[in-house]
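Chain by chain, the residues:
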Amino acid sequence: EDQVTQSPEALRLQEGESSSLNCSYTVSGLRGLFWYRQDPGKGPEFLFTLYSAGEEKEKERLKATLTKKESFLHITAPKPEDSATYLCAVSRGSNYKLTFGKGTLLTVNP
Amino acid sequence: GAGVSQSPRYKVAKRGQDVALRCDPISGHVSLFWYQQALGQGPEFLTYFQNEAQLDKSGLPSDRFFAERPEGSVSTLKIQRTQQEDSAVYLCASSPPYADRGGEKLFFGSGTQLSVL
């Protein structure tokens with residue numbers, strides 16, 4: 001069974017204080033690893049897809065990396081508007097289903 | 001609108017009542033998914049449609065849950081004889097055809113928050 005574990009469950013940062021979120025996964029035949037952002041009362045919003053170990057993707061203050069066992073979402077000099085829940089998900093083989101972790105609730109204080 | 005639209009936004013049901021949740025996907029999106037998100041949890045897969053065909057319903061919790069997409073666009077998730085454990089946010093997502101490896105990029109609606117009393 002596919003498993004996705006995210007840590008920490010919650011993270012509180014000061015504006016400008018860089019940090020990383022972790023996503024550990026167990027999946028047979030990883031097809032892709034996905035990062036989504038979810039704001040309160042909204043559906044998840046797509047951020048990145050990573051397909052192979054060593055791959056990196058960047059968007060503004062966010063950078064996602066992937067190894068064979070985990071992915072990191074690095075947040076550089078965060079701003080209050082980066083506050084949200086960040087969800088990690090995996091898919092495998094030809095399977096279209098996403099298996100999500102529980103998410104990390106990020107709060108960035110001004 | 002350009003995004004996935006879900007209605008109603010909130011639904012309160014008495015235990016035992018039947019409910020129907022609607023999803024309008026992005027025009028032209030072939031794939032449609034329903035996910036269930038309990039408070040403090042990540043979304044969990046319920047069912048998947050490709051056009052009007054329901055290709056996977058393995059995530060539906062019980063036979064009280066039923067989904068349809070008769071014309072390959074709008075979808076309805078129906079829950080019969082609701083129970084308190086059905087209380088959750090029900091998310092609908094759509095994605096364009098698998099043109100490339102990015103096909104798993106899902107566009108989610110804001111969800112329907114179901115509360116069963």
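Residues numbered from 1 in each chain as written. Chains lettered and ligands numbered in written order. Predicted model: local features only at pLDDT ≥ 70, side-chain atom pairs only at ≥ 80, totals over all residues. Heavy atoms only, no water.

Moving on: the overall build of chain A. When its secondary structure is counted, chain A shows 0 helices and 11 strands. Sequence-ordered secondary structure for chain A, helices as α and strands as β, is β-β-β-β-β-β-β-β-β-β-β. A compact globule built from 110 residues should have a C-alpha radius of gyration of about 13 Å, and chain A, at 13 Å, falls within 12% of that. If you line up chain A on its principal axes, its C-alpha atoms span 45 × 30 × 20 Å. For chain A, buried positions account for 46% of its 110 residues. (Helix = DSSP H or I, 4+ residues; strand = E, 2+ residues; numbered from the N terminus. Rg over C-alpha atoms; globule rule 2.2 N^0.38 Å. Buried < 20%, exposed > 50% of the residue type's maximum accessible area, 1.4 Å probe, protein only.)

In this complex, chain B contributes 23 residues to the contact, which on the side of chain A involves 18 residues. Roughly 1800 Å² of surface becomes buried between chain B and chain A when both sides are summed, with 53% attributable to carbon and sulfur atoms. At the boundary of chain B with chain A, the tally comes to 1 salt bridge. Residue B:Asp56 pairs with A:Lys97 through a salt bridge whose shortest N-O separation is 3.4 Å. (Contact = heavy atoms within 4.5 Å. Buried area = accessible area lost by both parts, 1.4 Å probe. Salt bridge = Lys/Arg side-chain N within 4 Å of Asp/Glu carboxyl O.)

With that out of the way, let us pick up unusual backbone geometry. Look at the link from A:Ser7 to A:Pro8: it is a cis peptide, with omega at -10°. Tracing the backbone through its elements, the reader meets A:Pro8 in the loop between strand S1 (3-7) and strand S2 (10-14). Cis geometry marks the peptide bond from B:Ser7 to B:Pro8; its omega dihedral reads -10°. Mapped onto the fold, B:Pro8 is located in the loop between strand S1 (5-7) and strand S2 (10-13). Positioned with a positive phi, A:Ala77 is a non-glycine residue whose angle comes to about 45°. Structurally, A:Ala77 can be placed in the loop between strand S8 (70-75) and strand S9 (84-92). Phi angles above zero are rare outside glycine, and B:Arg81 is one such case at about 45°. You can see B:Arg81 is positioned in the loop between strand S8 (75-79) and strand S9 (88-95).

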